[in-house]
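Per-entry structural report
Read off the chains here:
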Amino acid sequence: MISGANVPDALNALYYGAFGSTDAILESLVQATPLMFTGLAVLIAFRAKIWNIGVEGQLWMAMVGATFANLYLSFLPQPLFSLVTILMAMAGGALWGVLAAYCRTRFNANIVIITIMLNYVVKYFVSFLLGGVWREPGHHFYQTVRFSEATFLPTFFNSRLLIGFFVAILVAAGVYVMINKTSFGLEMRAIGENPTSARYKGIRINRNILLIMLLSGLVAGLAGVFELNGLHHRLKMDISHGLGFTGILIAILGRLNPFGVILAAIFFGALINGATAMQIFTGVPAALVASVQGVVLVFVLAAEALTHYRIVRVPHAA
């Protein structure tokens, strides 16, 4: 209404852009795929109340590892190359996660501050690489050369939908089993509920923190490699657009449940995809979607508070 658009038309355009055709649905799933991975990466840490705010940095470090493979190892046979690229990306994400965990366990550093700081470190490192040894020759943009078609990951249904979408579903199932059906998952939840009690029960807190951040970084690495080799095919500074930070919203909206994260990511992916159609057909700025996402999060958090607490009148002391 503020932008002067017809509200029903704008909502119809938003829905049409997100779900109005087969192509629109597939593109919404494309937008949702990296959010699935970053949401799951956040979930793994948050379930143990390890506040990993560094998924964004872990994603970027994963893309550094994948870019190294693309630039220097593309001579490998295609199946082997894809496997090596994915493993190097996961290793990059895991390295950045474990580094933060090491600072936490060795020096008792605040994990929130460390992970936030490491986000900046890796972004400046990528800027250094793209401004120097990895910059495309003859160009002023901070980007690498375009990778060869032999490095592209497979897509499905004559669309941009990557194999990463199906991998994310499998990862969500694996995370669910790990958290709810294994002794390690029990230890994760125990650390999150009461670390002091967990320590007295013989749970090795520091070892588990390292393992949890390792797993969180590995999953964040999958987001990086599928974005890089599946969609962009070159490393550049505007790939992420805050995917790691949005993963925090996804994890919270999904109530730290792996399948809830999948649904929340698809919802956010649909909003992102539908926003373009809404802007084209009605002139409503696509940036409104970010506001909608924020409003949704506020209401989810408010509902969380209202279901656990109630306001009562306290009589004044005589």
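One can find the structure itself at the top, above this paragraph.
The following paragraphs examine the structure supplied in this document. (Residues numbered from 1 in each chain as written. Predicted model: local features only at pLDDT ≥ 70, side-chain atom pairs only at ≥ 80, totals over all residues. Heavy atoms only, no water.)

Let's shift gears to the overall build of the protein. A count of helical and extended segments in the protein gives 12 helices and 2 strands. Helices and strands appear in the protein in the N-to-C order α-α-α-α-α-β-β-α-α-α-α-α-α-α. A globule of 318 residues ought to have a C-alpha radius of gyration of about 20 Å, and the protein, at 21 Å, matches this closely. Along the three orthogonal principal directions, the C-alpha set of the protein runs to about 80 × 55 × 35 Å. (Helix = DSSP H or I, 4+ residues; strand = E, 2+ residues; numbered from the N terminus. Rg over C-alpha atoms; globule rule 2.2 N^0.38 Å.)

Turning next to the environment of tryptophan 51. Inspection of the secondary structure assignment puts tryptophan 51 in the loop between helix 2 (22-46) and helix 3 (55-72). Sequence-wise, tryptophan 51 and leucine 76 are 25 residues apart; in three dimensions their C-alpha atoms are separated by 38 Å. Those residues within four positions of tryptophan 51 in sequence are excluded, and the remaining contacts are Phe46, Ile111, Val112 and Thr115. (Contact = heavy atoms within 4.5 Å.)

Attention shifts here to helix 2. In an α-helix, one full turn covers 3.6 residues, which means residues spaced three or four apart are oriented alike. Between its first and last C-alpha atoms helix 2 spans 35 Å; for 25 residues at 1.5 Å apiece the expected length is 36 Å, and the two agree. The largest bend along helix 2 measures about 30° and falls at alanine 32, with the proline proline 34 one to four residues further on. Among the 25 residues that make up helix 2, 21 are buried, leaving the element largely enclosed by the rest of the structure. (Expected span 1.5 Å × (residues − 1). Bend = angle between axes of the 7 residues up to and from the residue. Buried < 20%, exposed > 50% of the residue type's maximum accessible area, 1.4 Å probe, protein only.)

Before going further, it helps to spend a moment on helix 11 (residues 258-282). Across its 25 residues, helix 11 extends 35 Å between first and last C-alpha, which sits within 8% of the 36 Å expected from 1.5 Å per residue. Where helix 11 bends most, the angle comes to about 25°, and this point is glycine 274. Put simply, asparagine 257 is the residue that caps the front of helix 11, since its side-chain oxygen is 2.9 Å from the backbone nitrogen of phenylalanine 259. (Polar contact = N/O pair within 3.5 Å; in protein donor to acceptor, adjacent residues only side chain to side chain.)

The next thing to look at is the packing of helix 4 (residues 78-107) against helix 9 (residues 205-232). Contact pair helix 4 / helix 9: the axes reach a minimum separation of 6 Å and the direction vectors enclose 140°. Taken as a pair, helix 4 and helix 9 cross one another with a handedness that is right-handed. Residue composition of the contact of helix 4 with helix 9, grouped by class: 16 nonpolar, 8 polar and 1 charged. (Axes fitted to C-alpha atoms, helices over the stretch in contact; angles between N-to-C directions. Left-handed = near helix turned anticlockwise from the far one by under 90°. Nonpolar A, V, L, I, M, F, W, Y, C, P; charged D, E, K, R; others polar.)

Among the nonpolar cores identified, the biggest contains 78 residues, and Phe37, Ile50, Met188, Ile212 and Leu235 are the most heavily contacted of them. Tallying contributions element by element places helix 2 first for this core, with 14 residues. In contact with isoleucine 212, other than residues within four places in its own chain, are Ile44, Ala45, Ala48, Ile50, Phe184 and Met188. (Core = buried A, V, L, I, M, F, W, Y, C linked by side-chain atoms within 4.5 Å.)

Tallied over the full model, the rule gives 10 aromatic pairs. Relative to tyrosine 72, the ring of phenylalanine 68 lies with its centre 4.9 Å away and its plane at 55°, an arrangement referred to as tilted. Here phenylalanine 68 and its partner tyrosine 72 are both found in helix 3, 4 residues apart, which amounts to about one turn of the helix. Ring centres of tyrosine 102 and phenylalanine 107 lie 6.0 Å apart, and the angle between their planes is 90°; this geometry places the pair in the edge-to-face category. Using a relative accessible area of 54% as the deciding quantity, one classes phenylalanine 107 as exposed. (Phe/Tyr/Trp six-rings, centres within 6.5 Å; stacked < 30°, edge-to-face > 60°.)

Just geometry here; none of it tells us what the structure is for.
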